[in-house]
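# What the coordinates show
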Amino acid sequence: MRQALLCAATAAALQAPANDLVLRLARGEQVERAPVWLFRQAGRHMQEYRDYKQKTGKHFLQLLDDPKDVAEVTMQPLRRYAVDAAILFSDILVVPQALDIRVEMPGGVGIVVPEPLTTAAAADEAAAKARADPAALVAKRLKHVTRGVEEIRSAQLAENLDRTLLGFSAAPYTLFFYSVGGSSKNQAPGASFSKENAQSTANLLEAYTDLVVEYLSAQADAGAHALQVFEAMGMTLGAKMFEELALPHLEALASKLKARHPDVPLLVFARGVEDPLSVNLRLQKAGYEVITLDGEAHRSKSRDALGDSQVLQGNFDPKLLLPDSSQEAIHAEVVAMLEAFGPDKLLANLGEGLGGKEDQGLVDFFVNDVHATSAKMISG
């Protein structure tokens, strides 16, 4: 009897969510309002998150190790806001961790990679480890992440907060960038390592591509309804190097994931790239259903270049959610964003992630205002 109940619960978790607005939009279907979620919606801007960290005595990386903690933190913004999607609470660097690249959080300086890959031999060794059997590696070293996905789906159903669940991963170049010692404060290692070690760079990028395919596939198999790919370090490469080092692997991800999961929508965010129109056209052609625009993107040019039918994601300025902002300023920008992108072809989001100091009341207003304003525009 217990086994039958477990099987029924698993089957329910793998079904489409009750709130499937994000999925319908991604499939090109008619929607009654623009769906909305927020980059980094779970985490430090929420009092619930700060209280939970204090209660558990765990820091960020420790929370990621426990699927029940992952589910709890993922659910917190769903309880507070009417967002249309949850996103797995995790970090992009769990993938390098699976290759025994050490990741630490010493406090006060964020997450660091204290012993990056600094030689061709080290990069080749990591690549070989990833390519030996990437599916087995994901099953062994990243099982806590896929268990987290399962726990989230169970919690969504139990709490009647059944909304689209997004799995995610960093793209191969971003993983490579951090693995060889790059950071937001030290961006040189990515480009310099690739110039000095071309073959080893190619080996590691190809290995990360195969590993990310397995990682995202495992998330989809565990219950994620759609998959978000973050190429977070596009601003560290010029247009030519991005085309050589990053873009082919983004295209390969889409091709391989679509072959396995043709009905799972793919979302992509190539942040800070030098030539966003050209890059996003390539990503559109590669098969990503949702193309994300950062805060620097020109809205009307992006819409014109990608066409009226392309679903776009973004690109509200999160600074307007800080305590010194106002509901009037938020509403004016919501209207401008919806008018530029179209209320029925936009997955409303931010141009960059929440930083942690946003006002929760203003975040709530933003979510509700996107819903109300877009619904009014669509209904005419």
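All figures in this text were calculated on a predicted structure; none of them were measured in a lab.

Calculation criteria
- Residues numbered from 1 in each chain as written.
- Predicted model: local features only at pLDDT ≥ 70, side-chain atom pairs only at ≥ 80, totals over all residues.
- Heavy atoms only, no water.
- Helix = DSSP H or I, 4+ residues; strand = E, 2+ residues; numbered from the N terminus.
- Buried < 20%, exposed > 50% of the residue type's maximum accessible area, 1.4 Å probe, protein only.
- 1 Å grid on protein atoms, 1.4 Å probe; cavity = no way out; pocket = protein on both sides within 12 Å on 5 of 7 lines; lining within 4 Å.
- Points joined across faces, edges and corners; volume = space filled by probe spheres on them.
- Nonpolar A, V, L, I, M, F, W, Y, C, P; charged D, E, K, R; others polar.
- Phe/Tyr/Trp six-rings, centres within 6.5 Å; stacked < 30°, edge-to-face > 60°.
- Polar contact = N/O pair within 3.5 Å; in protein donor to acceptor, adjacent residues only side chain to side chain.

### Thoughts on unusual backbone geometry
- Its identity is not glycine, yet D100 carries a phi of approximately 70°, on the positive side.
- For D100, the position within the fold is in the loop between α6 (94–98) and α7 (120–132).
- Positive phi values are uncommon outside glycine, yet N160 reaches one of about 55°.
- Here N160 is to be found in the loop between α9 (143–158) and β2 (164–170).
- According to the relative accessible area criterion, N160 is exposed, its value standing at 68%.

### Structural notes on the layout of surface pockets
- Considering only enclosed or pocket space, the largest pocket measures out at about 1800 Å³ in volume.
- The wall of the largest pocket is formed by 48 residues, among which R40, R44, D91, I111 and Y178 lie closest to the centre.
- Counting residues per element, the lining of the largest pocket draws most heavily on helix α3 (residues 47–56), which supplies three residues.
- Of the residues that constitute the lining of the largest pocket, the class distribution is 25 nonpolar, 12 polar and 11 charged.

### Regarding the packing of aromatic side chains
- Under the definition given, this model contains 12 aromatic pairs.
- Aromatic pair Y173 and F177: ring centres 6.4 Å apart, planes at 45°, arrangement tilted. You can see Y173 and its partner F177 sitting in helix α10 (residues 172–179), four residues apart, about one turn around the helix. This pair shows no difference in class: Y173 is buried, exactly as F177 is.

### Notes on the side chain of H225
- Summarising the element assignment, H225 is placed in the loop between α12 (198–222) and β3 (226–231).
- Within the structure, H225 has its side chain in polar contact with the backbone oxygen of Q15 (distance 3.1 Å).

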